[in-house]
Amino acid sequence: MSRLGDSVMLANVSRRHFLRGLAAGSAFVMAARWGLATAAEDADDPKYGADAMPGGWVDNPNVFIRIDEDGTVTITNHRAEMGQGIRTSLALVAADELGADWDRVEVEQADADQEKYGNQNTDGSRSMRHWYEPMRRAAAGARLMLERAAADQWGVPVDEVETRVHEVVHKNSDRKLGFGELARAARELDVPERDELELKADSQLRYIGRETGPVNGKLTNTDTRPPAIDGEDVVTGKARFGADVQMDNMLYAVIARPPALGAGIGSVDDSDAVKVRGVEKIVRLDGTGMPALFNPLGGVAVVANNTWAAIQGREALAIEWDLESAGDNAGYTSDDYRKMLEERAESPGKVIRESGDVEKALEEADKTVTATYYMPHMAQAPMEPPVAIVQFNGDSAEAWAPIQHPRATREGVAGALGLDLEKVTVHQTLLGGGFGRKSKPDFVIEAAMLAKQFEGRPVRVQWTREDDIHHAYFHAVSVDRLQAGLDKDGKATGWLHRTLSPSIGSLFAEDPKHKADFELGMGFNTMPFDIPAIRLENPEAAAHTRIGWFRAVYNLPHAWAIQSFAAEMAEAAGRDHRDYLLELLGESRQISPEEFKDGWNYGENPEVYPIDIGRMRAVVERATREANWDNKDRGERRGLGLAMHHSFVSYTAIVMDVEVNDDNEVIIHRADIAFDCGKAVNPERVRSQLEGACVMGIGIALQSEVSFRDGKAEQDNFDRYLIPRMENAPREVHVHLVDGGEDAPMGGVGEPGLPPVAPALCNAIYAATGKRIRRLPVGNQLG
Amino acid sequence: MINLTINGQEHELDVPDDMPLLWALRDVVKLTGTKFGCGIAQCGACTVHLDGEATRSCVTPVAKAEGKAITTIEAMADDDVGQRVQQAWLELGVAQCGYCQGGQIMTATALLKENSNPDGAEIRDAMNGNLCRCGTYNRIEAAVARAAGMEDKS
């Protein structure tokens, strides 16, 4: 808790406005706006963590906590709920510090309002690590207000009262007053100053850190179900996702979008479409050109009085697209692009990090190992496809949408309608999955553009699954070429890694063709191995479609390549993979990210969040121990695979026990996941995130690919864009939470479970079959 | 006019015969617990019961649902087996985002009505058509088994 006391940070008002003052359009400004800025860019006064995010943080109890006279405590959640459980977990934090009884807590979802709530951009696995402290302070402030109200009423000094469960008691007598009874008086009091707050000691906490629900298949407590604020609503069908918003007089639209990025509309014949029963109007939407930003692609919208009519109307459209305006993108064929990148990976590129003489090391090596790995485009494909409702009222507008980035959504809708930000209300619904897709509000802006033409009527834009897979902000393809030199004892002496991927920076400005700091910092320049000569290079790669965040982002290809290659090196050295990986990591030590030329560090202070080799070793040791690695013979066509990766300032290692049967089907008997995220606030949700990431990672390894031909995504729906089904899940998954130690700062949870899954699985396939996978997905490569 | 019996209630709908039941439920009857996920019977988010049988409403024209008992997730709390499945789901904290879980529960309930004590392979086989992008499959499997166990006790 010491960190809380020491770092009572005052919201820096000037900082809040700092980013807005810079000229728009530069890659840095765009990066900064999405929370990706390198702290060092503001060298005079570096800010980290929540403090560096646009809008910063807020810890005012009146913003987040309301107590009604019937005792109901309502906590406002301002982050996007997309399955990570943040509505529950942040409310648990506040309830615990406040002393509230969980059964009397309700959660209300905030609208988009960065000025009021602070940063709401829910990505980067940041919600808990950025909001744990502000929420505790907000709740401690509310508790002090209740205690002062009680002390006033009894005419006693406030230090004679204390809060127990949902009531304040006078310690020297039997008097007590419930939260509800104190609510009215407490509300009249001033909000306490930050230095007046006293946070609870760990020993006083009732909810934070408590294990509930199933732990590795067994219920921890059969009398209690895990806290889940939306649990009942979900299982009864009452939970309201973006798709479920119902409005009177609503119009339903689907949009035919240009097949290749940058293409326009040539000609449209809508004579059949308008005859479809229920179709009301066909509307041409102009695209906004390059860079793509978060803007709609344009196209032809079919507006109808129900979704089915709109879909049928779109089927009936005859559109000739103008592919000329797409330029090179219209010729984009991902198989050719892969070959081009693989060839380019043979030549040097921009040097990102260098130590020692790698050429000499490779030349003098007793043995060299070389391998090139490929990861394809993927679509996030949340189960709820993009959907949004906007109503334009002339001088104001209202939107309802499942969005990860409320601020960008509000700005986008305001921009499309020519309204001031204050005139736009954005209601955040539950998200039926996000995974990065819903960080981009293009689909809400589409609804705004249409709403402008139907003033006074709510317009819903519904994406079909085909739309979602054709027009995702795709995970970048990646080619990673690695070369290592080993001495006669098999010890690594040189490491040369070239990574080639189109950059997300291409969304925001002229294509940089090189990875940005935040992309390199996702496991490339932060590669932790202790090798005398290292060179990391990033040759050019141009973007030909929209490239965007996909859960864990560039950590995916970096971890997949590096952790596969480490296994290949161990093999070449004739060593056990675990032992060799620990040797590559070297002695337990803490390394400043700056030493690795990483000025980003997920936005966190490098002094608080160093790269910690000890924590890496600990997760490797734990996962392998739990998987019984020392007896790793599992019989014919079955073997263990290991991988480790650190990302989002957390540490994950996975061992998979995999069989490839006679039909060449991959059966995952068991996954052991060791995870260190520092303090686990709601361990049950941490486990669920790791379990889910494991399944998603299996899909990345085995199945998922979006390929392009002539600028167009080739997969349409889940019949060809494959994602994991129950048969693909591990028969058993065991999540082992590793205690990172007293000083371990809180890390991310939503994303860091994903990167090591694919390499662990491919390493296991190698152990089972001797077949080394270097191109994802595995698909039919096993025969 | 199409006459549908949904969760025991009669509805008269002025929709074309070929409108999928999914969109009739969602856009016309305003029962939104049944979800759109793919539109081609690949994901199971739209699963309802037709005369007790788990059915993909996204590829079922309303005309084919006429005369049948249509049951949606909204009615599962009133169903003995459905209620047990919901309880098991909550006890094991199955849901993450929750979007697919209505369909999962509909499929699981139909399974348990047909086979009150399925083994792991039978559960996986029955549930394999329901996608969950959050990857909650291990807990789904455990929750179906747990719900079956509750039935044994009752």
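Preceding this section is the structure that the text describes.
Residues numbered from 1 in each chain as written. Chains lettered and ligands numbered in written order. Predicted model: local features only at pLDDT ≥ 70, side-chain atom pairs only at ≥ 80, totals over all residues.

Caption draft 1: Fine view of the overall build of chain A. A count of helices and strands for chain A gives 21 helices and 30 strands. C-alpha atoms of chain A, sized along the principal axes, occupy 85 × 70 × 55 Å. Put simply, chain A has 783 residues, and 59% of those count as buried. Looking at chain A alone, contacts between residues at least 24 apart form 79% of all its contacts between residues at least 6 apart. (Helix = DSSP H or I, 4+ residues; strand = E, 2+ residues; numbered from the N terminus. Buried ≥ 20, exposed ≤ 12 C-beta atoms within 10 Å, placed from the backbone. Contact = placed C-beta atoms within 7 Å.)

Caption draft 2: Quick peek at the environment of Ser650(A). Within the fold, Ser650(A) resides in strand E26 (residues 650–660). Distance from Ser650(A) to Gly678(A), taken between C-alpha atoms, is 7.5 Å for residues 28 residues apart in sequence.

Caption draft 3: Highlighting the sheet that holds strand E2 (residues 9–13) of chain B. Residue and element names in this part refer to chain B. If you trace the five strands from one edge of the open sheet to the other, you get E2-E1-E5-E3-E4, paired in mixed fashion. Each of the sheet's edge strands pairs with one partner strand only, and the pair in question is E2 and strand E4 (53–56). Across the sheet, the mean angle separating the axes of adjacent strands is 40° when strand polarity is ignored. With two bridges joining them, strand E1 (residues 2–6) and strand E5 (residues 69–71) adopt parallel strand pairing. Paired with threonine 5 across the strands is alanine 69, a residue of E5. Taken strand by strand, helix H4 (residues 101–114) contacts strand E3 (47–50) and E4, and its axis lies near 35° from that of E3. (Pairing = 2+ DSSP bridges. Axes fitted to C-alpha atoms, helices over the stretch in contact; angles between N-to-C directions.)

Caption draft 4: The packing of helix H13 (residues 406–417) of chain A against helix H14 (residues 442–451) of chain A, seen in detail. Residue and element names in this part refer to chain A. Relative to each other, H13 and H14 sit at 25°, their axes nearing to 9 Å. Classified by the angle between their axes, H13 and H14 sit roughly parallel to one another. Of the two elements, H13 crosses H14, and the hand of that crossing is right-handed. The segment H13 lies against H14, with Thr409, Gly412, Val413, Ala416 and Leu417 engaging Val444, Ile445, Ala448 and Met449. For the contact of H13 with H14, the residue count by class is seven nonpolar, two polar and no charged. (Parallel < 35°, antiparallel > 145°, perpendicular 65-115°, else oblique. Left-handed = near helix turned anticlockwise from the far one by under 90°. Nonpolar A, V, L, I, M, F, W, Y, C, P; charged D, E, K, R; others polar.)

Caption draft 5: Examining the environment of Tyr602(A) more closely. All names here are of chain A. Assignment of secondary structure puts tyrosine 602 in the loop between strand E23 (590–591) and strand E24 (611–612). Put simply, tyrosine 602 and alanine 139 are 463 residues apart on the chain and 27 Å apart in space, counted from C-alpha to C-alpha. Not counting the four nearest positions on each side in its chain, tyrosine 602 is found in contact with Gly124, Phe648 and Val649.

Caption draft 6: Representation of helix H1 (residues 21–28) of chain B. Counting buried residues in H1(B) gives seven out of eight residues, a clear majority hidden from the surface. Taken together, the buried positions of H1(B) are Leu21(B), Leu22(B), Trp23(B), Ala24(B), Leu25(B), Arg26(B) and Asp27(B). Of the surrounding elements, those touching the buried residues of H1(B) are strand E9 (251–256) and helix H10 (307–315) of chain A together with E2, E3 and helix H2 (62–65) of chain B. Directly after H1(B), the chain includes Lys30(B), whose backbone phi takes a positive value near 65°.

Caption draft 7: Looking closely at helix H17 (residues 555–573) of chain A. Compared with an ideal rise of 1.5 Å per residue, which puts 19 residues at 27 Å, H17(A) spans 26 Å between its outermost C-alpha atoms and is within 8% of the ideal. At the C-terminal side of H17(A), Gly574(A) shows a positive phi close to 70°. (Expected span 1.5 Å × (residues − 1).)

Caption draft 8: Expanded view of the packing of helix H20 (residues 683–702) of chain A against helix H21 (residues 757–769) of chain A. All names here are of chain A. In contact at an axis separation of 8 Å, H20 and H21 are set at 60° when each is read in the N-to-C sense. By the angle between their directions, the pair H20 and H21 is classed as oblique. For the pair H20 and H21, the sense of crossing is right-handed. In this structure, H20 uses Ala693, Cys694, Gly697, Ile698, Ile700 and Ala701 to contact H21, whose residues at the interface are Val757, Ala758, Leu761 and Cys762. Residue composition of the contact of H20 with H21, by class: nine nonpolar, one polar and no charged.

In short, shape yes, function no, at least from these values alone.
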